[in-house]
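Letter by letter, the chains look like this.
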Amino acid sequence: MTQEPAAVFEAVTKTYGPVRAADGVDLAVRRGETLALLGRNGAGKSTALGLLLGLDTPDSGRVSLLGGTPGQAVRAGRVGAMLQEGRAVPRVTVRELVGFVARTYPRPMPVADALALAGLTALADRRVGRLSGGQAQRVRFAVALAGAPELVVLDEPTVALDVAARGAFWEAMRGYARRGGTALFSTHHLEEADSFADRIVVLDGGRVVADGTPEELRRTTGGALVAVDLAGAPAAFLSGLPGVTEVEIRGDRARLRTDDPDATVRALAARDAIRGLEVAPPALADVFLGLTRADGTARNPEANR
Ligand code: ATP
């Protein structure tokens with residue numbers, strides 16, 4: 001029971017009219033990992049999470065959750081979900097709400113533990129209707145934890161939260177992950193995927209277009225940014241250097257995007273044009289744009305709302 005993946009998608013497809021919201025998705029979520037589903041609007045993230053939770057059924061392919069069907073796992077309280085919609089009853093306290101939900105599960109987490117994990121101990125007696133957006137979101141997280149789930153599924157958990165509230169939310173998530181919990185969250189925020197996920201799966205047009213650690217994703221492009229001082233030299237030759245795909249000049253500093261940083265740097269050296277050299281791996285944002293621009297919009301315009 002401990003070795004099987006927490007969740008598995010096998011060749012899953014789901015179409016809505018002309019839109020392929022899931023287009024042959026293969027994915028295994030390992031136990032104990034925190035996995036980010038990253039993708040633009042309409043990439044198919046919510047669809048994938050809905051299929052995983054059994055809110056929808058695939059047209060073809062198979063989804064399994066904790067060794068059984070999504071329905072079985074959800075009913076047994078083995079999965080906690082925090083989806084985008086849903087408003088809590090405003091007049092109950094935080095403790096009452098989490099306690100109420102906990103009692104609906106066969107083997108709940110002690111309410112005090114769920115509150116502590118979500119960073120709500122000090123707010124336990126506050127009415128739910130009197131909370132800030134960030135606090136309310138942590139209450140929803142505590143509700144997702146109430147059944148003592150082995151896996152939590154979070155659809156854009158930090159949308160509309162400010163930086164401090166995001167930090168508090170991710171602190172809560174880390175506490176859950178440290179206890180061995182598995183988490184699958186969707187996000188548009190590259191930096192959140194980068195900082196909090198062990199693994200990132202990029203969806204585009206209903207397809208998995210990349211799957212790896214943040215580090216592996218950066219390496220897939222093989223490209224880099226090379227920056228040098230021009231020291232008064234004309235910049236015209238830079239765009240002709242080997243590997244260079246883009247040149248940006250700001251004041252006396254040139255920033256080159258290159259597919260072959262070694263060749264670019266050698267060519268700069270051959271022209272004695274190296275001053276203040278900097279070579280950096282591509283930002284995750286560049287990797288992401290490179291992966292999603294070509295595929296989704298061109299092949300499946302409907303997928304991009
Ligand atoms: P966002 O980041 O905007 O939440 P997403 O990556 O979660 O987007 P989905 O909500 O999964 O994307 O949508 C994928 C595609 O499927 C979109 O083109 C969307 O319009 C379409 N879609 C999703 N659900 C339905 C539905 N119930 N009926 C019709 N089309 C749908």
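Residues numbered from 1 in each chain as written. Predicted model: local features only at pLDDT ≥ 70, side-chain atom pairs only at ≥ 80, totals over all residues. Heavy atoms only, no water.

**Looking at the packing of helix α5 (residues 133-145) against helix α6 (residues 163-178)**
Thinking step 1. Running from N to C, α5 and α6 cross one another at 15 degrees; their axes reach a closest spacing of 9 Å. Overall, the two elements α5 and α6 adopt an arrangement that is roughly parallel. As for the relative orientation of α5 and α6, their crossing is right-handed in sense. The segment α5 lies against α6, with Gly134, Arg138, Phe141 and Leu145 engaging Ala165, Ala168, Phe169, Ala172, Met173 and Tyr176.
Thinking step 2. The residue inventory of the contact of α5 with α6, partitioned by class, reads eight nonpolar, one polar and one charged. (Axes fitted to C-alpha atoms, helices over the stretch in contact; angles between N-to-C directions. Helix = DSSP H or I, 4+ residues; strand = E, 2+ residues; numbered from the N terminus. Parallel < 35°, antiparallel > 145°, perpendicular 65-115°, else oblique. Left-handed = near helix turned anticlockwise from the far one by under 90°. Contact = heavy atoms within 4.5 Å. Nonpolar A, V, L, I, M, F, W, Y, C, P; charged D, E, K, R; others polar.)

**Comments concerning the packing of aromatic side chains**
Thinking step 1. In total, this model carries five aromatic pairs according to the counting rule given.
Thinking step 2. Where Phe141 meets Tyr176, the ring centres are 6.5 Å apart and the plane angle is 85 degrees; that geometry is what we call edge-to-face. Taken together, the residues span a long stretch of sequence, with Phe141 in helix α5 and Tyr176 in helix α6 at a distance of 35 residues.
Thinking step 3. Here Tyr176 falls in the buried class, since its relative accessible area comes to 3%.
Thinking step 4. Residues Trp170 and Phe196 carry aromatic rings whose centres are separated by 4.5 Å and whose planes lie at 5 degrees to one another, so their mutual orientation is stacked. (Phe/Tyr/Trp six-rings, centres within 6.5 Å; stacked < 30°, edge-to-face > 60°. Buried < 20%, exposed > 50% of the residue type's maximum accessible area, 1.4 Å probe, protein only.)

**Some points on the sheet that holds strand β11 (residues 244-250)**
Thinking step 1. Read from one edge of the open sheet, four strands run β11-β12-β10-β13, paired in antiparallel fashion. Edge positions in the sheet fall to β11 and β13 (278-280), since each of these pairs with one other strand and no more. Here the average twist between neighbouring strands, direction ignored, is 20 degrees.
Thinking step 2. Of the pairings in the sheet, the one linking strand β10 (residues 224-229) to β13 comprises three bridges and is antiparallel in character. Each bridged residue has a counterpart across the sheet, and for Ala227 the counterpart in β13 is Glu278.
Thinking step 3. The sheet strands contacting helix α9 (residues 261-270) are β10, β11, β12 (253-258) and β13, and the helix crosses β10 at an angle near 15 degrees. (Pairing = 2+ DSSP bridges.)

**Quick notes on the packing of helix α3 (residues 94-103) against α5**
Helix-helix packing is characterised by the crossing angle of the two axes and by the distance between the axes.
Thinking step 1. Interhelical geometry of α3 versus α5 gives an angle of 25 degrees and a closest axis separation of 8 Å. When the axes of α3 and α5 are compared, the pair comes out roughly parallel. Handedness of the α3/α5 crossing: right-handed. Between α3 and α5, the contacting residues are Val94, Leu97, Val98 and Val101 on the first element and Val139, Ala142 and Val143 on the second.

**Digging into the pairing of strand β3 (residues 34-38)**
Thinking step 1. Of all five residues in β3, five are buried, a share of seventy percent or more.
Thinking step 2. Sheet topology note: the β3/strand β7 (residues 182-187) ladder contains five bridges and is parallel. Bridging from a neighbouring strand, Leu35 pairs with Leu184 of β7.
Thinking step 3. Pairing between β3 and strand β8 (residues 199-204): four bridges, direction parallel.

**Here's the deal with the environment of Ala231**
Thinking step 1. Structurally, the position occupied by Ala231 is in the loop between β10 and β11.
Thinking step 2. Ala231 sits 105 residues away from Arg126 along the chain, and the two C-alpha atoms are 62 Å apart.
Thinking step 3. The contacts of Ala231, once residues within four sequence positions are left out, are Asp252 and Arg275.

**What about the pattern of salt bridges?**
Thinking step 1. Counted by the stated rule, this structure contains 21 salt bridges.
Thinking step 2. Put simply, Arg207 and Asp23 hold a salt bridge, and the shortest N to O gap is 3.1 Å. Here the residue Arg207 occupies a position in strand β9 (residues 207-212), and Asp23 occupies one in strand β2 (residues 19-29), the gap between them amounting to 184 residues.
Thinking step 3. Relative accessible area serves as the criterion here: at 36%, Arg207 is assigned to the partly exposed category.
Thinking step 4. Salt bridges sharing partners connect three or more residues here, namely Glu4, Arg31, Arg78 and Glu150. (Salt bridge = Lys/Arg side-chain N within 4 Å of Asp/Glu carboxyl O.)

**With respect to the sheet that holds β9**
Thinking step 1. Taken together, six strands build an open sheet; the order of strands is β5-β6-β7-β3-β8-β9 and the sheet is mixed. Strands with a single pairing partner mark the edges of an open sheet, and in this sheet they are β5 (79-82) and β9. Averaged over all adjacent pairs, the angle separating strand axes in this sheet is 15 degrees, with direction ignored.
Thinking step 2. In the sheet, β8 pairs with β9 via five bridges, with the strands oriented antiparallel. Note that in β9 the partner of Leu203 across the bridge is Val208.
Thinking step 3. The strands that α5 touches are β5 and β6 (151-155); relative to β5, the one it contacts most, it runs at about 160 degrees.

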